[in-house]
Amino acid sequence: MTDSKYFTTTKKGEIFELKAELNSDKKEKKKEAVKKVIASMTVGKDVSALFPDVVNCMQTDNLELKKLVYLYLMNYAKSQPDMAIMAVNTFVKDCEDPNPLIRALAVRTMGCIRVDKITEYLCEPLRKCLKDEDPYVRKTAAVCVAKLHDINAQLVEDQGFLDTLKDLISDSNPMVVANAVAALSEIAESHPSSNLLDLNPQSINKLLTALNECTEWGQIFILDCLANYTPKDDREAQSICERVTPRLSHANSAVVLSAVKVLMKFMEMLSKDLDYYGTLLKKLAPPLVTLLSAEPELQYVALRNINLIVQKRPEILKHEMKVFFVKYNDPIYVKLEKLDIMIRLASQANIAQVLAELKEYATEVDVDFVRKAVRAIGRCAIKVEQSAERCVSTLLDLIQTKVNYVVQEAIVVIKDIFRKYPNKYESVIATLCENLDSLDEPEARAAMIWIVGEYAERIDNADELLESFLEGFHDESTQVQLQLLTAIVKLFLKKPTETQELVQQVLSLATQDSDNPDLRDRGYIYWRLLSTDPVAAKEVVLAEKPLISEETDLIEPTLLDELICYIGTLASVYHKPPSAFVEGGRGVVHKSLPPRTASSESTESPETAPAGAPPGEQLDVIPTQGDLLGDLLNLDLGPPVSGPPLATSSVQMGAVDLLGSGLDSLIGASNFVSPPAAAVPANLGAPMGSGLSDLFDLTSGVGTLSGSYVAPKAVWLPAMKAKGLEISGTFTRQVGSISMDLQLTNKALQVMTDFAIQFNRNSFGLAPAAPLQVHAPLSPNQTVEISLPLNTVGSVMKMEPLNNLQVAIKNNIDVFYFSTLYPLHILFVEDGKMDRQMFLATWKDIPNENEAQFQIRDCPLNAEAVSSRLQSSNIFTIAKRNVEGQDMLYQSLKLTNGIWVLAELRIQPGNPSFMLSLKCRAPEVSQHVYQAYETILKN
C-alpha cells in the first residue's frame, strides 16, 4: 500500500495515540508513527507537542527513520528552541557516523535549523565535515556554511569557515568545487563589499577544470562565477572563451544561457579582426536557435534573452531570420516577442522575406498580434529605407481590407513614415481620408488629425474634415484634443482667410470650456502667439520637424551592457536591472561589461565606438603603459593653462545625466534660484503652520565655515611597487578649494627629480589645477609634503566604483600607476543649501524608486551635534521637526557637477542607530553619499 494512507485519518485523540506509538519498543511501529506525524505536519496540523518523543527516535541506525525525524526537527526547531538543544548531541554523533550519507544528512539538517542557541554547538561538527574524506559530505558542508552565514555572519567569519570554503575551490572533486563556489557567491551577494571570491588566473583554471565534470547546477554556479571575473588581457579572455564554448552544446538551457553570458562578456575584450572572434560569433547562433525548439515558457525566456543579444551583437543571428517566423500554434507572448526580434534583424538582405511574412500575419485572427504585425511593417519602413515604398504599398493593401483595427494601426504607422520620409508618400493621403469615419481609437484619430493638419495645403476640404472632429470635442480623449488644437492652428496659418472662425472656436473650447490644464495652457500659448506675432507663430508651429530615429525602442546602451551581465536571470526577462525589482536593493551590485583592452581597441572601427563617446575618442581606462607614458613624459611643467572648462558636462552616464545640471534644469536656469511665485505648486503657498509646510518651522542659521572632515593619510603606492618611491595621501576641501595632500618618501638609494602627475578621466572630472611642484631633488630617506590643488573641469568618464581615481606619477626613474578612492564629500559645494519650498517640491518630484535607505550605526551624537558636524562638510540642514519623539532632519547638498541630493535623517534620542533616506535624480550617487555621512559622523 502507498504512503497516501497516512493522509486519510482524521481521528480525535490522535496525538495521544501517536505518543504511545512513538515510545513503542518495536522499530516498525516507531517508523509508522513518525510517518503519521510527518503526514499530519504536512497537511498543517500542529504536532509540536510530540517534539521530545520524535527527538528520542533519532537514536537509530535506520536511514529512512533518521531522515523523517530530521525533517520534523527542521520544521519545529524554531518554535521549540529549548527542546531542539536536546538534538545537538545526536548531530555531533551523526557527524562522526561511519556512513557518509548519515554524516551529510546531519550537516544538511544543522544548516536548516535556524536557532541561534544551537548554532554555536554546530561549528565543530561542521569544521570536521568540511575536511571529511568523502566528497559528498564536503559538498553538503560547503552549502551549510552559506546557510550558517545567513543566520550568524560574525560567527562564520570568526570560526574561519570562509577560508576553508576558499580552500575547497582547489578540491579534487568537481561537485565540491561547484558547491564551494555557490556558497561563496551567495555570501558575496549579501556582502557586496567583501572580496570573498578573489579570483585569479590560477583559481579560474581550477574552476574551468571542474566545469567539465560537475552536474548541470554546478556548471551554472561556476559559469556565473566566471562571468564576474575580468580577465587581465584579451589573450586570457580568449583562452577562457575556448574552454567555455563546449558548454553551448549542453542539454540544459540554463547552462547554455550561462555560457552565452560568459562569452558575451568576454567578447568585449576581443578584437573584431581576430579569426577567433568570427568563429565565436558562428558558434553562438546554433545553441540560441536550439532553445527555440523547447516548450513555450522556455522559448519565451530564450527570446527575451535573444532580444538583448541581438541589440548588442545583431551579427550573431543575422542569418537566422527564419527561426523567428511565427508558428500558428505559438502562444501570443511568444508570437509578440518573435515579431520584435524579426524587426531588429530586418535588413536590406532579408526585408522581402520579412514583409511577406508580416503581411501574412496581418490577416490572422488574433487582434493583438495583427496590430503588432501592422506596426512592425511601419517599423521596417523606418528602419530599412530601401523597403519604405514596398511597406507603404503593403499598408495600403491592408487599409483596403477595411478591417477596422487594421486600418487604425496602419494610419498610426503611416504618420511615422511621413515623419521619416517627408514629401515622398503624401499621395496616399486621399486613401487615408476615405477611412476617416471608421476611426474610433484615440491614437488613430490623433494620427489622422496630425496628417490632416500637417498636409492641410494638399487637402482641399481639410477645414471640413477637422470641423467634423470638433463637433464632439469634449468627448474626445486628451491626446485627440491636443492634436486637434494644433492641427487647426496649423490650418489657420496655412489658410488664414477661410478658417478664422474655426480657429476661434477651437481656442475658446480649449481655454474656456476645458478643465484640462495641458490643453488650456497650449490654447493660451497659441492664442497669445497668434494675437501678438503671427510670423513668430508660423515659425514655431510650422517649424521643420526633426526626422524620427530608426529604432526608438532600443534599450539605452549602459543599461543594455548591464543586462548582458545578467543573461539567464530574471533581470534579462524583465529587461530591468535587479535594483529595479529586488526589494530594498541590498546586495544588488551594478555590473558592467569589461573594458576593451588596448590591443583590441586599436583595431576597432569608428562605427563600433561605444555609444555616448564622441567620435574618435575611446573610453579607455588607465593602466596600459604605452598610452600614458608618452603623455606624461611630454607633460608641460609650466603654470596651468587657464581656459574655459572642457565641454564634457553632458556625457551620458547610464539612464541619468550624472554630469548635467541636476535639478537646475527643473527651473530652466543655470544658477539655482528661487522659483517665481507661479512655479510653486498651489498647496505650497499655504500658511507655514499647515500641512506639509510645518516641516519647515526652523530658523535658517548658517554655520561657520570650518572646512570639511579630512581623512588621515593612507599609503596609496608602496615603495616596493614604485622602485623606492612611497606615496601617501588624502583629500581635503577648504572654503571651496579641493586639494590632494601628498607625502612623497624616497626609500631608494638614488636621488629623485622631475616629478609630474596626471589623472585618468573620472566620474567628476577631477584634474590637477597646477603642476606637481617638488622644488628640490628628493634625496634618499627624505620625505616631502605637497598640497596639489585640484579642479573639476577635467575629462569625464563614469568609473566603477564612481569615486575611483586612477593616477600616474612620473619621475626621473620611471612612471608609476595607482588608483585610490576619493571621499565624495570633497565634492560637496558651499552653495548646497536649498530653499525650503524648493526642497519640498523637489522631494515630491523625484520618483520614489530613486529613494535609497541606509542605516548609520554606533553614532552617539544628538541632532544638534549631527547637524553642525555635517554643516562643516557642506551638508546643510534645511528643517528639523520632532515626530513621536524622533528628531527628523531634512538636509540638502550639491555636488560640483550640479547634482542635488536631498536627505531625511531620523534620530531617536538615546539610540545610536540613525535612519538615512536619500533622494536624488542620479541614484548611483546615493551609496557614496551615505558613505560620506558615515565617515563625517563617525570621525
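Residues numbered from 1 in each chain as written. Predicted model: local features only at pLDDT ≥ 70, side-chain atom pairs only at ≥ 80, totals over all residues. Heavy atoms only, no water.

- Under an unreviewed UniProt entry, the name given to the protein is AP complex subunit beta, and the source organism is Monodon monoceros.
- Recorded in UniProt for the protein, the comment headed Sequence similarities (unreviewed entry) runs: "Belongs to the adaptor complexes large subunit family."
- In its Subcellular location (unreviewed entry) section, UniProt records this for the protein: "Endomembrane system". (UniProt positions renumbered as here; feature names shortened; annotations may be inferred.)

Digging into helix α2 (residues 27-42)
- The end-to-end C-alpha distance of α2 is 23 Å, a good match for the 22 Å that 16 residues give at a rise of 1.5 Å each.
- Residues of α2 that are buried include every one of Lys-31, Ala-33, Val-34, Lys-35, Val-37, Ile-38, Ala-39, Ser-40 and Met-41, and no others.
- The secondary structure elements touched by the buried residues of α2 are α1 (14-22), α3 (51-56) and α4 (63-76). (Helix = DSSP H or I, 4+ residues; strand = E, 2+ residues; numbered from the N terminus. Expected span 1.5 Å × (residues − 1). Buried < 20%, exposed > 50% of the residue type's maximum accessible area, 1.4 Å probe, protein only. Contact = heavy atoms within 4.5 Å.)

Focus on the sheet that holds strand β9 (residues 851-856)
- Taking strand neighbours across the sheet as the criterion, the five strands line up as β9-β13-β12-β11-β10 in an open arrangement whose pairing is antiparallel. Every interior strand has two partners, whereas the edge strands, β9 and β10 (876-883), have only one. Each strand of the sheet is rotated relative to its neighbour by a mean of 20 degrees, with strand direction disregarded.
- Both strand β11 (residues 886-894) and strand β12 (residues 900-907) contribute to a ladder of eight bridges, which runs antiparallel. Following the sheet pairing, Leu-889 is matched in β12 by Leu-905.
- Along the sheet, helix α37 (residues 836-845) makes contact with β9, β10, β11, β12 and β13 (914-920), crossing β12 at roughly 95 degrees. (Pairing = 2+ DSSP bridges. Axes fitted to C-alpha atoms, helices over the stretch in contact; angles between N-to-C directions.)

Observations regarding helix α29 (residues 500-511)
- The terminal C-alpha atoms of α29, which comprises twelve residues, lie 17 Å apart, in line with the 16 Å expected from a rise of 1.5 Å per residue.
- Where α29 is buried, its residues touch α27 (462-470), α28 (478-494) and α30 (517-532).

Structural notes on unusual backbone geometry
- Omega for the bond connecting Glu-800 with Pro-801 falls within 30 degrees of zero, at -5 degrees, which places this linkage in the cis form.
- The phi dihedral of Asp-754 falls on the positive side, at around 55 degrees, and the residue is not glycine.
- Even without a glycine there, the phi angle at Asn-874 is positive, about 70 degrees.
- With respect to the helices, strands and loops of the structure, Asn-874 is situated in the loop between α38 (863-871) and β10.

Points about the pattern of salt bridges
- Evaluation of the coordinates by the stated rule reveals 34 salt bridges.
- The partner of Asp-340 in a salt bridge is Arg-344, and the shortest N-O contact between them spans 3.6 Å. Here Asp-340 pairs with Arg-344, and both are found in helix α20 (residues 332-345), just four residues apart, close to one helical turn. Accessibility assignment for this pair places Asp-340 and Arg-344 in one class, buried.
- Within this structure, Arg-371, Arg-375, Glu-409, Glu-441 and Glu-443 form a network of salt bridges that share partners. (Salt bridge = Lys/Arg side-chain N within 4 Å of Asp/Glu carboxyl O.)

As for the nonpolar core
- Within the largest apolar cluster, 212 residues are counted, with the highest numbers of intra-cluster contacts made by Tyr-72, Leu-126, Val-244 and Phe-418.
- Counting residues in each nonpolar core, the second largest holds 63 residues, with Phe-731, Phe-764, Leu-827 and Tyr-930 among its members. (Core = buried A, V, L, I, M, F, W, Y, C linked by side-chain atoms within 4.5 Å.)

Examining the packing of α28 against α29
- Contact geometry of α28 with α29 gives a least axis separation of 9 Å together with a crossing angle of 155 degrees. Classified by the angle between their axes, α28 and α29 sit roughly antiparallel to one another. The interaxial crossing formed by α28 with α29 has left-handed handedness. Touching Leu-485, Ile-488, Val-489, Leu-491 and Phe-492 of α28 are Gln-500, Leu-502, Val-503, Val-506, Leu-507 and Ala-510, all from α29.
- Grouping the amino acids of the contact of α28 with α29 by side-chain chemistry returns ten nonpolar, one polar and no charged. (Parallel < 35°, antiparallel > 145°, perpendicular 65-115°, else oblique. Left-handed = near helix turned anticlockwise from the far one by under 90°. Nonpolar A, V, L, I, M, F, W, Y, C, P; charged D, E, K, R; others polar.)

Quick look at the packing of aromatic side chains
- Inspection of the entire model under this criterion finds twelve aromatic pairs.
- Plain terms: the ring middles of Tyr-300 and Tyr-333 are 5.5 Å apart, the flat faces sit at 90 degrees to each other, and that makes the pair edge-to-face. In this pair, Tyr-300 sits in helix α19 (residues 296-312) while Tyr-333 sits in helix α20, placing the two residues 33 residues apart along the sequence.
- Ring centres of Tyr-574 and Phe-581 lie 4.8 Å apart, and the angle between their planes is 85 degrees; on these two criteria the pair is classed as edge-to-face. (Phe/Tyr/Trp six-rings, centres within 6.5 Å; stacked < 30°, edge-to-face > 60°.)

A closer look at the pairing of strand β6 (residues 783-791)
- Direction of pairing for strand β3 (residues 737-746) relative to β6: antiparallel, over a ladder of eight bridges. In the strand pairing of β6, Ile-738 is matched with Leu-790.
- Pairing geometry for strand β5 (residues 767-768) and β6, over two bridges, is antiparallel. Each bridged residue has a counterpart across the sheet, and for Pro-768 the counterpart in β6 is Leu-790.

Things to note about the packing of α19 against α20
- Contact pair α19 / α20: the axes reach a minimum separation of 10 Å and the direction vectors enclose 20 degrees. In terms of their interaxial angle, α19 and α20 are classed as roughly parallel. Crossing geometry of α19 relative to α20 is assigned as left-handed. Across from Pro-296, Glu-297, Gln-299, Tyr-300, Leu-303, Arg-304, Ile-306, Asn-307, Val-310 and Gln-311 in α19, the residues of α20 making contact are Tyr-333, Val-334, Glu-337, Lys-338, Asp-340, Ile-341, Arg-344 and Leu-345.

Overview of the pairing of strand β7 (residues 804-810)
- Here β7 lies mainly inside the structure; seven of its seven residues are buried.
- With burial as the criterion, each face of β7 is covered, one bearing Asn-804, Gln-806, Ala-808 and Lys-810 and the other bearing Leu-805, Val-807 and Ile-809.
- Sheet topology places strand β4 (residues 756-759) next to β7; four bridges connect them, and they run antiparallel. Residue Ala-756 lies in a different strand from β7, and its bridge partner there is Lys-810.
- Relative to strand β8 (residues 815-821), β7 runs antiparallel, the two being bridged by seven bridges. When the bridges of β8 are listed, Val-807 appears paired with Phe-818.
- Counting the residues that bridge the hairpin from β7 to β8 gives four residues.

Some thoughts on a negative patch on the surface
- Among the surface-exposed residues, Glu-464, Glu-467, Glu-471 and Glu-501 lie close enough to one another that they form a single negatively charged patch.
- Take Glu-471: it is sitting in the loop between α27 and α28.
- Taking relative accessible area as the criterion, Glu-471 reaches 70% and is therefore assigned exposed. (Patch = residues over 30% accessible without salt bridge, like charges linked within 9 Å, V, L, I, M, F, W, Y side chains within 5 Å. Areas by Shrake-Rupley, 256 points an atom, 1.4 Å probe, with all protein chains shown as cover. Lys, Arg positive; Asp, Glu negative; His and termini not counted. Charge placed at Lys NZ, Arg CZ, Asp CG, Glu CD.)

Describing the side chain of Glu-409
- Turning to its location among the elements, Glu-409 is positioned in helix α24 (residues 404-420).
- Non-local contacts of Glu-409, meaning those with residues more than four positions away in its chain, are made with Arg-371, Val-374 and Arg-375.

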